[in-house]
Protein chains: 2
Amino acid sequence: MKIAIVGYGNLGRGVEAALTAAPDMTAVGIFTRRDPKGVQSAYGVPVYHMDALADMADGIDVVINCGGSATDLPTSTPALAEKFHVIDSFDTHANILAHRANVDKAARKGGKVAIISVGWDPGMFSVNRLYAQSILPNSKAYTFWGTGVSQGHSDAIRRIEGVADARQYTVPVEDAVARVRAGEKPDFKAADMHERVCYVALKQGADAAKVEQAIVTMPNYFAPYKTTVHFVSLEELHRDHAGLPHGGKVIVSGNAATGSAHTIEYALTLESNPDFTGSVLVAFARAAYRLGQRGEVGCKTAFDIVPIYLSPESPEELYAHLL
Amino acid sequence: MKIAIVGYGNLGRGVEAALTAAPDMTAVGIFTRRDPKGVQSAYGVPVYHMDALADMADGIDVVINCGGSATDLPTSTPALAEKFHVIDSFDTHANILAHRANVDKAARKGGKVAIISVGWDPGMFSVNRLYAQSILPNSKAYTFWGTGVSQGHSDAIRRIEGVADARQYTVPVEDAVARVRAGEKPDFKAADMHERVCYVALKQGADAAKVEQAIVTMPNYFAPYKTTVHFVSLEELHRDHAGLPHGGKVIVSGNAATGSAHTIEYALTLESNPDFTGSVLVAFARAAYRLGQRGEVGCKTAFDIVPIYLSPESPEELYAHLL
């Protein structure tokens, strides 16, 4: 399968790395809106301007769209779906239905398959919520994120006057996790489940107390949560907090009709959020290709994909060794 | 959907309970090879002799076959698959390919859908091994079982002379779990991953030392493992060890091509093994019905089922609220 990578930020790099581990796939090109001369592939994949994509359609089986959810994917995935089998990681939960409708219309028009909102949340966490709640209809599902870097919260701190750079970790409240695992089915407010730990490097002459106050009182982002602010030097921040680890868990706690209690937990510990998300996208790109080969069209999600389509191994091998 | 339960042991009871929680399904009958007069449904479902099943085919959408894997399912599921959409929990891993071939032939002959080997292992554990290894091809998968009652090991103790009754718990070795979670990717022998804890009630006059020796030296079952034997009274055994709790975890530890380390863990804590397995069977019976409605035929496994088919909710609700 010949795969095109559209967009070459952290996620595009994660997809590129994941493709090198796929025995049945080749990255045929990285497509960027920047000047291709200024973009260096980590694995020697040729880099083209986005304008070249349409002309290369014959040599491309699936496009992995690595743009951002806020402003890029809502328009770029429908546009791509008219001409390519395409997959994205659209993650604005509130707008998934609208995005799905737009992509579905475009994919049907072009006779293509699209898979949207693939990654770990939405994506693998969603699939696990679905399996668990289908098995245990009388249950409650809890999603904990972290410990991991939230880019949105880090950016929010960076916008405060006097901040040179910052990194925010979302941390699950261990006592809340323990109560859910114990089957208590508690009703939580958001702040009961997560706390926020911030590492902040100040600009010269900035007032630490004022910055801390601006962080902990910021509505929605920090005010509702227990928030801890650590001031560190810029060197320390870049040395100790350069990675993008993340993860989390979906815990579903429920009862059978007899009353017996059951807990289903799916947990991810990820050293690199974009590497893992890229690996998920590559596995689902394989499924998009296979669905396309079968003549299916329209927009799918992780809910709609037969698990066996994700693996490079043959069904017979999988039935024999993995079932 | 009208569901027939074939077989009414622990698993049949678990399926019956799970059906009461399914808004879109009704148990139309329990079918037994025993005298139906001697079988009492826990929820008022009518009980029939197996001989009545064929005549009632028009009122049955899916048969859930709750027989045992050792001698019953290998013949009964193919026989049922010629006349009904059918689902079973066949769990003899070494024979799954042969069972699948037999069931597939019968289901195709009858124009029916069969789903085999549904439960938690094989079943949900299998699906999680497949997802995780598709996402992380450069990884190792570890399956830990327990803490939970192993019926096979309990039965093996009961067959020892002088034993009145016994219960064996399979217990994962916590240090082994910790090493896997830490990404060490160790090479384990079976005995490194699990230990065995036995509660044994003796017959009057039996020699405890002799029984203990017979247990800990029993080949395959106990000899390779760290095994602990507790002698208890029959009353204590039946009071404190009457349940059938089980569970376990699939942990997949791997690296992206960049080297970044990732761990995917799926863990079940089940107060009642048959209640949970019954709940899984009911969710997949819903998928069997839907595949049948689409005109699909042949033998499927959990690998081949689109997750969204497992839920009673509409796709639109699921995309909007669970993705």
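Keep in mind that what you see is a predicted model, and the values were worked out from it rather than measured.

Draft legend 1. Layout of the nonpolar core. In terms of nonpolar packing, the biggest core is built from 157 residues, with F284 of chain A together with F284 of chain B touching the most fellow members. Ignoring any residue separated from it by four or fewer positions in sequence, one finds F284 of chain B in contact with Y131 of chain A together with I87, I115, V118, M124, A302, I305 and L310 of chain B.

Draft legend 2. Structural view of the interface of chain A and chain B. Each partner contributes residues to the interface: chain A has 63 residues there, and chain B has 63 residues. Across the chain A/chain B interface, buried area totals approximately 5500 Å², and carbon plus sulfur atoms make up 66% of it. Counting across the chain A and chain B interface gives 2 salt bridges. One salt bridge in this structure joins E316 of chain A and R100 of chain B, with 3.8 Å as the shortest N-O distance.

Draft legend 3. Structural context of the relation of the copies chain A and chain B. Expressed as a screw transformation, the operator carrying chain A onto chain B has a rotation angle of 180° and an axial translation of 0.0 Å, and the superposed copies differ by an RMSD of 0.0 Å. When the rotation and shift are considered jointly, the pair of chain copies conforms to a two-fold rotation axis. Looking at chain A, 100% of its interface residues are interface residues in chain B too, so the copies touch through the same face.

Draft legend 4. Structural view of the side chain of S69 of chain B. Residues and elements named next belong to chain B. Take S69: it is sitting in the loop between β4 (62–65) and α2 (73–81). The exposure class of S69 is buried, given its relative accessible area of 11%. At 2.8 Å, the side chain of S69 forms a polar contact with the side chain of D91. Once you skip the residues sitting within four places of it in the chain, S69 turns out to touch P74, S89, F90, D91 and T92.

Draft legend 5. How the structure looks around the pairing of strand β10 (residues 194–202) of chain A. Residue and element names in this part refer to chain A. Of all 9 residues making up β10, 8 are buried, and the element is well covered by its neighbours. Pairing analysis gives 9 bridges linking strand β9 (residues 163–172) to β10, with the strands arranged antiparallel. Within the sheet, the bridge partner assigned to T170 lies in β10 and is R196. In terms of strand pairing, β10 meets strand β11 (residues 227–231) through 5 bridges, oriented parallel.

Draft legend 6. Focus on the domain arrangement of chain A. Residue and element names in this part refer to chain A. For chain A, the assigned domains are domain 1 (2–121 + 274–321) and domain 2 (128–271). Measuring from the centre of the C-alpha atoms in domain 1 to the corresponding centre in domain 2 gives 28 Å. Both sides together, the interface formed by domain 1 and domain 2 hides about 740 Å², and carbon and sulfur atoms give 71% of it. Of all residues in domain 1, W120, D121 and F276 bury the most surface against domain 2, accounting for 64% of the area lost on that side. For the interface between domain 1 and domain 2, the tally reads 1 salt bridge.

Draft legend 7. Focus on the sheet that holds strand β5 (residues 85–88) of chain B. Residue and element names in this part refer to chain B. Taken in spatial order, the 7 strands make up an open sheet running β3-β2-β1-β4-β5-β6-β14, and their pairing is parallel. In this open sheet, the two strands that pair with only one neighbour each are β3 (47–49) and β14 (298–300). Taken pair by pair, the neighbouring strands of this sheet meet at an average axis angle of 25°, ignoring direction. Taken together, the 4 bridges between β4 and β5 define a ladder with parallel strand orientation. Among the inter-strand pairings, N65 is bridged to a residue of β5, identified as D88.

Draft legend 8. Representation of the packing of helix α1 (residues 10–20) of chain A against helix α10 (residues 273–293) of chain A. Residue and element names in this part refer to chain A. Where α1 meets α10, the closest approach of the two axes is 7 Å, and the angle between their N-to-C directions is 60°. Classified by the angle their axes make, α1 and α10 are oblique. In the packing of α1 onto α10, the handedness of the crossing is right-handed. Seen from α1, the contacting residues are N10, L11, G14, V15, A18 and L19; seen from α10, they are P274, D275, T277, G278, S279, L281 and V282. A class-by-class count of the residues in the contact of α1 with α10 yields 7 nonpolar, 5 polar and 1 charged.

Draft legend 9. View of unusual backbone geometry. Residues and elements named next belong to chain A. Looking along the chain, the bond that leaves D121 and enters P122 is cis, with omega of 5°. With respect to the secondary-structure elements, P122 resides in the loop between β6 (113–115) and α4 (124–135). G146 connects to T147 through a cis peptide bond whose omega is 0°. Mapped onto the secondary structure, T147 falls in the loop between β7 (139–145) and β8 (148–149).

Draft legend 10. Quick look at the sheet that holds strand β11 (residues 227–231) of chain B. Residue and element names in this part refer to chain B. In space, the 4 strands of this open sheet follow the order β8-β9-β10-β11, with mixed pairing throughout. Each end of this open sheet is capped by a strand with a single partner; those strands are β8 (148–149) and β11. Helix-sheet contacts for helix α5 (residues 151–158) involve β8, β9 (163–172) and β10 (194–202), and the interaxial angle to β9 is about 145°.

Draft legend 11. Representation of α5 of chain B in the model. H153, S154, A156 and I157 of chain B are the residues of α5 of chain B that are buried. Projected down its long axis, α5 of chain B shows its buried positions confined to an angular sector of 160°, all on one face.

Draft legend 12. Inspection of the side chain of T170 of chain B at higher detail. Residues and elements named next belong to chain B. Tracing the chain through its elements places T170 in strand β9. Owing to a relative accessible area of 7%, T170 belongs among the buried residues under this scheme. At 3.3 Å, the side chain of T170 forms a polar contact with the side chain of Q168. T170 has contacts with W145, G146, T147, G148, S150, H194, E195 and R196, leaving out every residue within four places of it along the chain.

Draft legend 13. Expanded view of the environment of T20 of chain B. Here T20 of chain B shows up in helix α1 (residues 10–20). Of the residues examined, T20 of chain B reaches a relative accessible area of 44% and is grouped as partly exposed. C-alpha of T20 of chain B to C-alpha of Y43 of chain B: the two residues are 23 residues apart in sequence and 8.2 Å apart in space. Excluding residues that lie within four positions of it along the chain, T20 of chain B makes contacts with A257 of chain A together with Y43 of chain B.

What counts, and where the lines are drawn
- As a convention, each chain's residues are numbered from 1 in the sequence order in which they are written.
- As they are written, the chains are lettered A onward and the ligands numbered 1 onward, keeping that order.
- pLDDT decides what is reported in this predicted model: residues at 70 or higher carry local features, side-chain atom pairs at 80 or more are listed and counted, and totals for whole chains, interfaces and linings draw on all residues regardless.
- Only heavy atoms go into the side-chain values, all of them from the structure, while hydrogens and water stay out.
- As used here, the term nonpolar core means buried Ala, Val, Leu, Ile, Met, Phe, Trp, Tyr and Cys residues forming a set that is joined through side-chain atoms within 4.5 Å.
- Burial here depends on accessible area, computed with a 1.4 Å probe over protein chains only, as a share of the maximum for the residue type. Under 20% is buried, over 50% is exposed, and the range in between is partly exposed.
- Should any heavy atoms of two residues lie within 4.5 Å, those residues are considered in contact.
- Two parts lose some accessible area (1.4 Å probe) when they are put together, and adding that loss for both gives the buried area.
- Salt-bridge detection follows one rule: a side-chain nitrogen of Lys or Arg within 4 Å of a carboxyl oxygen of Asp or Glu.
- The copies are overlaid by a least-squares fit using only the C-alpha atoms of residues whose pLDDT is at least 70 in both copies.
- Strands here mean DSSP runs of E at least two residues long; helices mean DSSP runs of H or I at least four residues long; both are numbered from the N terminus.
- Any pair of nitrogen or oxygen atoms within 3.5 Å is treated as a polar contact; in protein, a donor-acceptor pairing is required on top of that, and neighbouring residues in sequence qualify only through side-chain atoms on both sides.
- A strand pair is defined by DSSP finding two or more bridges across the two strands.
- Note: domain ranges come from an automatic or database domain assignment.
- All axes are obtained by fitting lines to C-alpha atoms, using only the stretch in contact for helices, and the reported angles, taken between N-to-C directions, cover 0 to 180 degrees.
- For classification, angles of less than 35 degrees are called roughly parallel, those exceeding 145 degrees roughly antiparallel, those between 65 and 115 degrees roughly perpendicular, and all remaining angles oblique.
- Each helix crossing is assigned a hand: it is left-handed if the near helix lies turned anticlockwise from the far helix by less than a right angle, otherwise right-handed if that turn is clockwise.
- Gly is placed with the polar residues, together with every amino acid not listed as nonpolar (Ala, Val, Leu, Ile, Met, Phe, Trp, Tyr, Cys and Pro) or charged (Asp, Glu, Lys and Arg).
- It is the directions from the helix axis to the C-beta atoms that the arc portrays.

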